[in-house]
Amino acid sequence: MPDALPIADLADRVRGGDRRALAQAITLVESTRADHREQAELLLASLLPYSGQGVRVGISGVPGVGKSTFIEAFGLHVIDRGHKVAVLAIDPTSQRTGGSILGDKTRMELLSRDTRAFIRPSPAGSTLGGVARRTREAMLLVEAAGFDVVIVETVGVGQSETAVADMVDLFLLLLPPAGGDELQGIKKGIVELADMIVVNKADGDLANAARHAEAEYRHALALLRPANSNWRVPVLSCSALNKVGIDGIWDRIGEYQRVLGDDGSIDRRRADQARAWMWNEIRETLIAAFQRDPAVRAELSGLEQAAAAGSVTPGAAARRLLTLFRRTER
């Protein structure tokens, strides 16, 4: 952390809306160094009372659906309504090199130039769910910096790319104009998690297909049991490219906030998310400690090979390693 500020000064500058300080704060919480983690905890503790006031929206969709185009059009619309928008965009990480593209600022050129917007691309790393491990903490930081609409964009959609639903108030599933067999390809699990479904690219030659897809998705949702009896998941369509239909989406998000805010659902959801976040942190920390343990490292490779060769069961290998870990931890 070059040119690091004292934590108290960094917290004050974040609260004052200093974009450089905010970027530095997010870099700090994303660091895996032990000393940085201690500093990050102090920073988060000092800023926690000033977070939580934003509208948290998660957006996921299949590759090619136009997430970046949609987020830029949506973000600019929300800014025009007097809000400040933060986009936490998670880039896929190469399983070979560990590198990521981090290109969201180039894909959201207009939004990235607006001083009322803050875009932070982060590599997904090895974290399942299409989100970086520290996305939740980054969300608290941007809220403390005064951004009252926080958008979390995931790397894609699938069985493991649903963790974003566990950290936002509203999960928006962006889908392409499709139907029939293509509709069958959309995972039921992620559709069940959605609080809103939006069919993008409702323009040009795809306009009719988008209308048909909207009707088909609405019919499919009617067969599912709603997660909240006070909210019927809407299916909308838009053209992010032509900025058509964006206003209706923002209006429905406002309606969602009013309805589920009044009945306490959003507060309960955030409380459940905080508990899940705590346990996830426990799991991640224990796994990291397990992998660093000298006794475990000494036998890990051999037991992995034995399990792969079938000379020992995976369960027995795991129990052996856990026994070594528990002995070391005493």
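Above: the structure in question.
What you see is a predicted model; the values in this text were computed from it and never measured.

S.K.: I keep staring at a nonpolar patch on the surface and nothing clicks. Help me out?
M.R.: A cluster of nonpolar side chains, contributed by Met278, Trp279, Ile282 and Leu286, occupies part of the molecular surface with about 410 Å² of accessible area. Mapped onto the elements, Trp279 comes out in helix α12 (residues 265-292).

S.K.: Would you explain the packing of aromatic side chains in this entry?
M.R.: Within a pair of aromatic rings, the relevant descriptors are the distance that separates the centres and the angle that separates the planes. Inspection of the entire model under this criterion finds five aromatic pairs. With 5.9 Å between their ring centres and 70 degrees between their planes, Phe74 and Trp250 make a pair best called edge-to-face. A residue pair is termed long-range when its members are at least 10 positions apart, and Phe74 in helix α4 (residues 67-80) and Trp250 in helix α11 (residues 246-262) qualify at 176 residues. Overall, Phe74 belongs to the buried group, its relative accessible area being 1%.

S.K.: Teacher, can you tell me more about the pairing of strand β4 (residues 149-153) here?
M.R.: Each regular strand displays side chains that alternate between the two surfaces of the sheet. Counting buried positions along β4 yields five of five residues, so the element is predominantly enclosed. Neither face of β4 is left uncovered, since the one carrying Val149, Ile151 and Glu153 and the one carrying Val150 and Val152 both have all their residues buried. Relative to β4, strand β1 (residues 55-61) runs parallel, the two sharing five bridges. From the neighbouring strand, Gly58 faces β4, where its bridge partner is Val152.

S.K.: Explanation requested: α4 in the structure shown.
M.R.: Think of an α-helix as turning once every 3.6 residues; residues three or four places apart then point the same way. Taking 1.5 Å per residue as the helical rise, α4 with its 14 residues ought to reach 20 Å, and the 20 Å between its terminal C-alpha atoms agrees with that figure. If you check which residues of α4 are buried, you get Lys67, Ser68, Phe70, Ile71, Glu72, Ala73, Phe74, Gly75, Leu76, His77, Val78 and Ile79. Gly82, located one to two residues past α4, shows a positive phi value of around 95 degrees.

S.K.: Could you clarify how one ought to interpret the nonpolar core in this entry?
M.R.: Nonpolar side chains tend to gather and get buried jointly when the protein is soluble and globular. In terms of nonpolar packing, the biggest core is built from 43 residues, with Val14, Leu22, Leu43, Leu141, Val142 and Ile197 touching the most fellow members. The biggest single contributor to this core is helix α2 (residues 19-30), with six residues. Not counting chain neighbours up to four residues away, the residues in contact with Val14 comprise Ala21, Leu22, Ala25, Leu47, Leu141, Ala144 and Ala145. Counting 36 residues, the second largest nonpolar core, distinct from the first, contains Phe70, Val85, Ala117 and Ile246.

S.K.: What should I look at first to understand the pattern of salt bridges in this one?
M.R.: Pairing of side chains with opposite charge becomes possible as their charged atoms draw close. One pass over the full model with this rule turns up 16 salt bridges. Glu137 serves as the salt-bridge partner of Arg134, at 3.2 Å between the closest nitrogen and oxygen. In terms of burial, Arg134 and Glu137 fall into one category: buried. Taken together, the salt bridges that share partners define one network made up of Arg37, Glu41, Arg134, Glu137 and Glu281.

S.K.: What is the right way to look at the layout of surface pockets in this model?
M.R.: Of the voids in this model, the largest pocket is the one considered here, and its volume is about 710 Å³. Together, 29 residues line the largest pocket, and Asp195, Pro226, Ala227, Asn228 and Val233 are the ones closest to its centre. Mapped by element, the contributors of at least two residues to the lining of the largest pocket are α9 (188-193), α10 (207-222), α11 and α12. Of the residues that constitute the lining of the largest pocket, the class distribution is 16 nonpolar, four polar and nine charged.

About the cut-offs
Residues numbered from 1 in each chain as written. Predicted model: local features only at pLDDT ≥ 70, side-chain atom pairs only at ≥ 80, totals over all residues. Heavy atoms only, no water. Patch = residues over 30% accessible without salt bridge, like charges linked within 9 Å, V, L, I, M, F, W, Y side chains within 5 Å. Areas by Shrake-Rupley, 256 points an atom, 1.4 Å probe, with all protein chains shown as cover. Salt bridge = Lys/Arg side-chain N within 4 Å of Asp/Glu carboxyl O. Helix = DSSP H or I, 4+ residues; strand = E, 2+ residues; numbered from the N terminus. Phe/Tyr/Trp six-rings, centres within 6.5 Å; stacked < 30°, edge-to-face > 60°. Buried < 20%, exposed > 50% of the residue type's maximum accessible area, 1.4 Å probe, protein only. Pairing = 2+ DSSP bridges. Expected span 1.5 Å × (residues − 1). Core = buried A, V, L, I, M, F, W, Y, C linked by side-chain atoms within 4.5 Å. Contact = heavy atoms within 4.5 Å. 1 Å grid on protein atoms, 1.4 Å probe; cavity = no way out; pocket = protein on both sides within 12 Å on 5 of 7 lines; lining within 4 Å. Points joined across faces, edges and corners; volume = space filled by probe spheres on them. Nonpolar A, V, L, I, M, F, W, Y, C, P; charged D, E, K, R; others polar.

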